[in-house]
Amino acid sequence: MKNKSNVWYGLAMLLAVVMYVPVQARQKNSARYADFSGEWRARESISMGGNIVCCFDSGDRMLAGTMRIAAQANGLTVAVSSGFPGTVPVAGLEKMSFDGSVSEIDHGHGRGKKFTVRWSADGQKLTVNSTVRLMIDQKQTTVYVTEVWTLSPNGKSITVQANARSGLYSKDRSWKTVFEKVG
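Residues numbered from 1 in each chain as written. Predicted model: local features only at pLDDT ≥ 70, side-chain atom pairs only at ≥ 80, totals over all residues. Heavy atoms only, no water.

Another point: the nonpolar core. Phe36, Ile69, Met96, Trp149 and Ile158 are the most contacted members of the largest nonpolar core, which totals 22 residues. Within the residue set of this core, elements represented by two or more residues are strand E1 (38-42), strand E2 (66-72), strand E3 (75-82), strand E6 (111-119), strand E7 (125-136), strand E8 (139-151) and strand E9 (157-166). Apart from residues no more than four positions distant in its own chain, Ile69 is found in contact with Phe36, Ser37, Gly38, Trp40, Leu76, Thr77, Val78, Trp149 and Ile158. Core analysis: the second largest hydrophobic core is formed by nine residues, Met62, Val132, Tyr169 and Trp175 among them. (Core = buried A, V, L, I, M, F, W, Y, C linked by side-chain atoms within 4.5 Å. Buried < 20%, exposed > 50% of the residue type's maximum accessible area, 1.4 Å probe, protein only. Helix = DSSP H or I, 4+ residues; strand = E, 2+ residues; numbered from the N terminus. Contact = heavy atoms within 4.5 Å.)

Moving on: the environment of Ala91. On the secondary structure map, Ala91 appears in strand E4 (residues 90-97). We classify Ala91 as exposed; its relative accessible area is 66%. Measuring from C-alpha to C-alpha, the distance between Ala91 and Val80 comes to 5.7 Å, with 11 residues separating the pair along the chain. Every residue in contact with Ala91, bar those within four places of it in the chain, is listed here: Gly59, Val80 and Ser81.

What follows deals with unusual backbone geometry. Look at His109: it is not a glycine, yet its phi comes out positive at around 55°. Along the chain, the position of His109 falls in the loop between strand E5 (103-108) and E6. Of note, the phi angle at Asp137 is positive, near 50°, even though the residue is not glycine. Relative to the helices and strands, Asp137 is located in the loop between E7 and E8. Assessed through its relative accessible area of 71%, Asp137 is described here as exposed.

Reading across the sheet, the 10 strands line up as E4-E3-E2-E1-E10-E9-E8-E7-E6-E5 and stay open at both edges, with antiparallel pairing between neighbours. Whereas interior strands pair on both sides, the edge strands pair on one side only; in this sheet they are E4 and E5. Here the strands of the sheet are splayed against their neighbours by 25° on average, with no regard to which way each runs. With eight bridges joining them, E9 and strand E10 (residues 173-181) adopt antiparallel strand pairing. Each bridged residue has a counterpart across the sheet, and for Ile158 the counterpart in E10 is Phe179. (Pairing = 2+ DSSP bridges. Axes fitted to C-alpha atoms, helices over the stretch in contact; angles between N-to-C directions.)

Attention now goes to the confidence of the model for the protein. With 77% of its residues at a pLDDT of at least 70, the protein reaches an overall mean of 81. Within the model, pLDDT remains below 50 along residues 23-29, and this stretch shows zero contacts once partners closer than five positions in the same chain are excluded. (pLDDT = per-residue confidence, 0-100.)

Turning to the pattern of salt bridges, a few remarks are in order. Under the criterion given, the structure shown has eight salt bridges. As a salt-bridge pair, Lys113 and Glu94 come within 2.8 Å of each other at their nearest N and O atoms. A residue pair is termed long-range when its members are at least 10 positions apart, and Lys113 in strand E6 and Glu94 in strand E4 qualify at 19 residues. Of the two residues, Lys113 and Glu94, both sit in the buried class. In this structure, Arg133 engages Asp106 in a salt bridge whose closest nitrogen and oxygen atoms are separated by 3.9 Å. You can see Arg133 sitting in strand E7 and its partner Asp106 sitting in strand E5, a full 27 residues away along the chain. Judged by its relative accessible area of 57%, Asp106 is exposed. (Salt bridge = Lys/Arg side-chain N within 4 Å of Asp/Glu carboxyl O.)

What follows is the structure, given as C-alpha cells:
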C-alpha cells in the first residue's frame, strides 16, 4: 500500500511541476516587453524644420505632438489629434497589431499608408515599417519610413528614431523625436 501512495504522490508532484513551469515561462515572456501605454507629448514641435514628418495629413500619428497609447493583448492603439499651424486639429486612431499583419489607413485621393509592427528579440524596441502614399503636384509619390521606438529605462520617455527614403529627396533622411510621459 505504501508503494501505491508513493506513486500517486510522485505523479501529483510531477503534474504540479508540469503545470507550474509553462505558467511561469509565459509570465516571464509577457513581462519582458516594453510598456508604451500612457499619454506622451513631444519635447519639440514636430515640423518639416526639425522633426521631418512624412505624412502630410491632419490626424496622422507621424504629425502628432501628443499621443495616447493603450496596450491590448496583441497590439497598441494610438490616439492622436494633429494638424498644421493655423488649422483645426483632426482626431486620428491607429491600431498597431503585433501579429505581423498589415494595417492600412486611407486618407483618400491617393493618400494614406500601410504599416507593420514588430518587437525586437529582447522586447525593448518596437519597429514600425510604413509605406506612405502621397499626391504631390498631381503625382503619386511613395515614402518608405522605418521607425524604431525605444522606451527609456525609467519609463518616462519614448525615443522614436525614424529613417525615410523616397524619390522626393536625393538622400535618405533621418530624425529623432522624443516623447515625454504626461503626468
